[in-house]
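Structural description and commentary
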Amino acid sequence: MTTNLRDFLELPYGELEELNLAAKQDRKNRVAMHELQERRIKYLADEKRIKAVTVMFSDLEGRLHMLDYDKKFLIKSSDNLTFDGSSIRGFTLQKESDLRLFIDWGAFYWTPSDVFGPGKVLAFGDVIDKDGSPFTADIRGMLKKFSSEQFEKNGYTLNAANEIEGFVFAGEDAEQHFHQTHKFEYVNTGGYYHSLPGDPLRTFIDTVAEVQRAMGFENEKDHPEVAPSQFEINYGYGEATAGADTIQLYKLICRQVATNLGMTASFLPKPVVGVNGSGMHTNVSVSKDGKNIFWDPAGDEKLSEFGWSFIDRILTRGRDTCLIFNASVNAYRRLDPHFEAPNQIKASAVDRGSMVRVPIGNERSARVEVRSVGPDANPYMVMLSVFKTGLEGTISADVNLRQAENYLPDNVYDALADFRASDWTTTLFGEDVKGRYGDLKQAAADRCPRLLGTFVKSEEVQYHHEVYNQFLWNLF
């Protein structure tokens, strides 16, 4: 069929960047939602080349869901966008299925047409219950509320940026086909910081970076990581909810670009035995009146007492929150100290085996890095847990808390037991949502081997162990 009859929106990357940066600035400036709604709806009505708005939300485990609404329908019915919540894991029962989406007009993005298709824009949505109240299992809404309350009550702006590692494997849908191929095929074996211009990994990284730039990510640096075919593409920080949205977009862009190139972008924490796994190092700070209150040039490691207290609270709840930060069976294979994995509940400026690190910083960049987060965790749960724990949690009376010989759980069963037994996780999410999340993780754990050691004596046993684990991980 000829396409020259279709006149859908296709903008140059430079123009996309300008539009997305302007929208990002509106969000930073906390422009009132009703003003943004009026402005965006007028734009949609005036821009005849837009055919649909893709509205996105995340389930309890952090899986991104997308619905395309016809633009003309959305303009007339933006207050009544319904969907079937019973089809979303961890949401509603079949007998009480209907939920609504309210568009978060601040989280609005223009997209490159060569990646996402022409004539579409993206927006994140707030999940609303039948009675009009925020849906309890919408963790994004919970994070958004907490962040707003901190700004209104204390003047705090919660800042976050993530270093998200992943792998690129040859072939489309490599994870789904693992039970057939029994292996992942690298597209590059160059190693840390090493990739030749134009090789498959470099082409992937360059393409993703271009898309991110166009979507207002404000990139910083990108490079191959330590393991073969592993990558990391860094970008600037944002407010906590915006930062979590950016994680979802980052993974979406990577997967789509990889598919377009005939490859697979994988965010399994430990897809291959014998090489480094992937993390989602979560860098956070708090600012007030435009000043970073984690910074103190006279403080230990130039971090303020406020910042160190934030760290102490994170360490105190290290085991309680481990299931949130390491949400899959596969994630516990990554927490292996032989591969720079942060499995120690301690803080350090230099030791990358520590759960929390204090990177070199200055007045603008002073921050706390929570290193124990896996890339398949729910980013909204991660942000809520880190900030609420760091700001409102208790501090243990343990001597030498920051350097104690304590370790994170090395299997999902122990992490699940700690999560369920913790009063703090109930405070974070409420009894109902905590129970739903725990049940989802219990179901996953019960279908997997209990012990997940890196080394198995028999090569044949190891082979079948790996095949079985990878197959199970891809099922759920």
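Here's a quick rundown of the structure. (Residues numbered from 1 in each chain as written. Predicted model: local features only at pLDDT ≥ 70, side-chain atom pairs only at ≥ 80, totals over all residues. Heavy atoms only, no water.)

Attention now goes to helix α8 (residues 240-260). Taking 1.5 Å as the rise per residue, α8 with 21 residues should run 30 Å; its terminal C-alpha atoms sit 30 Å apart, in good agreement. The buried fraction of α8 is high, at 17 of 21 residues. Of the residues flanking the start of α8, the one acting as N-cap is E239, its side-chain oxygen 3.1 Å from the backbone nitrogen of T241. G262 sits one or two positions beyond α8 and adopts a positive phi of about 75 degrees. (Helix = DSSP H or I, 4+ residues; strand = E, 2+ residues; numbered from the N terminus. Expected span 1.5 Å × (residues − 1). Buried < 20%, exposed > 50% of the residue type's maximum accessible area, 1.4 Å probe, protein only. Polar contact = N/O pair within 3.5 Å; in protein donor to acceptor, adjacent residues only side chain to side chain.)

This paragraph deals with the pattern of salt bridges. Applying the stated criterion to the full structure yields 30 salt bridges. Here D26 makes a salt bridge to R40, at a shortest N to O gap of 3.7 Å. With D26 in helix α1 (residues 13-28) and R40 in helix α2 (residues 33-46), this pair connects stretches of sequence that are 14 residues apart. The pair D26 / R40 is uniform in exposure class, with both members buried. Shared partners join several salt bridges into a network, and the residues in it are R27, D104, D126, R140, K144 and D245. (Salt bridge = Lys/Arg side-chain N within 4 Å of Asp/Glu carboxyl O.)

A few words now on the pairing of strand β5 (residues 120-128). With eight of nine residues buried, β5 is to be regarded as a mostly interior element. In terms of strand pairing, strand β1 (residues 52-58) meets β5 through five bridges, oriented parallel. Counterpart to T54 in the pairing with β5 is L122. (Pairing = 2+ DSSP bridges.)

Positive phi, close to 55 degrees, is recorded for E301, a residue that is not glycine. Note on placement: E301 falls in the loop between β12 (291-292) and α9 (305-316). The phi angle at K302 is positive, at roughly 60 degrees, despite the residue not being glycine. Examined against the element boundaries, K302 turns out to sit in the loop between β12 and α9.

On to helix α12 (residues 379-392), then. Since the α-helix turns once every 3.6 residues, residues separated by three or four places project in the same direction. With 14 residues, α12 should reach 20 Å at 1.5 Å per residue; the first-to-last C-alpha distance of 19 Å fits that figure. Across the 14 residues that make up α12, a large majority, 13, are buried. The distance from a side-chain oxygen at the start of α12 to the backbone nitrogen of Y380 is 3.0 Å, and the residue carrying that oxygen is N378.

At a minimum axis separation of 9 Å, helix α5 (residues 139-154) and α12 run at an interaxial angle of 35 degrees. The element α5 and its partner α12 pack so that their crossing is left-handed. Only Y380, M381, M383, L384, F387, K388, L391 and E392 of α12 make contact with α5, whose side of the interface consists of I139, R140, M142, L143, F146 and Q150. Classifying every residue of the contact of α5 with α12 by side-chain character gives 10 nonpolar, one polar and three charged. (Axes fitted to C-alpha atoms, helices over the stretch in contact; angles between N-to-C directions. Left-handed = near helix turned anticlockwise from the far one by under 90°. Contact = heavy atoms within 4.5 Å. Nonpolar A, V, L, I, M, F, W, Y, C, P; charged D, E, K, R; others polar.)

Right, let's get into the sheet that holds β5. Overall, mixed pairing links the five strands, which are arranged β2-β1-β5-β4-β3 in an open sheet. Only two strands of the sheet have a single partner each, and these edge strands are β2 (64-70) and β3 (81-84). Going from strand to strand, the sheet's axes swing by 40 degrees on average, the running direction of each strand aside. In this fold α5 packs onto β4 (98-110) and β5, with an angle of close to 85 degrees to the strand it touches most, β5.

Here we come to the packing of α1 against helix α7 (residues 200-214). Direction vectors running N to C along α1 and α7 enclose 50 degrees, while the axes themselves pass 7 Å from each other. Judged by the angle between their axes, α1 and α7 are oblique. Across the interface between the two elements, Y13, L16, E17 and N20 from α1 touch E210, V211, R213 and A214 from α7. The class makeup of the residues in the contact of α1 with α7 is four nonpolar, one polar and three charged. (Parallel < 35°, antiparallel > 145°, perpendicular 65-115°, else oblique.)

With that out of the way, let us pick up the environment of F204. Structurally, F204 is set in helix α7. According to the relative accessible area criterion, F204 is buried, its value standing at 0%. The spatial distance from the C-alpha of F204 to the C-alpha of R40 is 32 Å, given a sequence separation of 164 residues. Leaving out residues up to four positions away in the same chain, F204 has contacts with V168, F231, C254, V257, A258, L261, M263 and A265.

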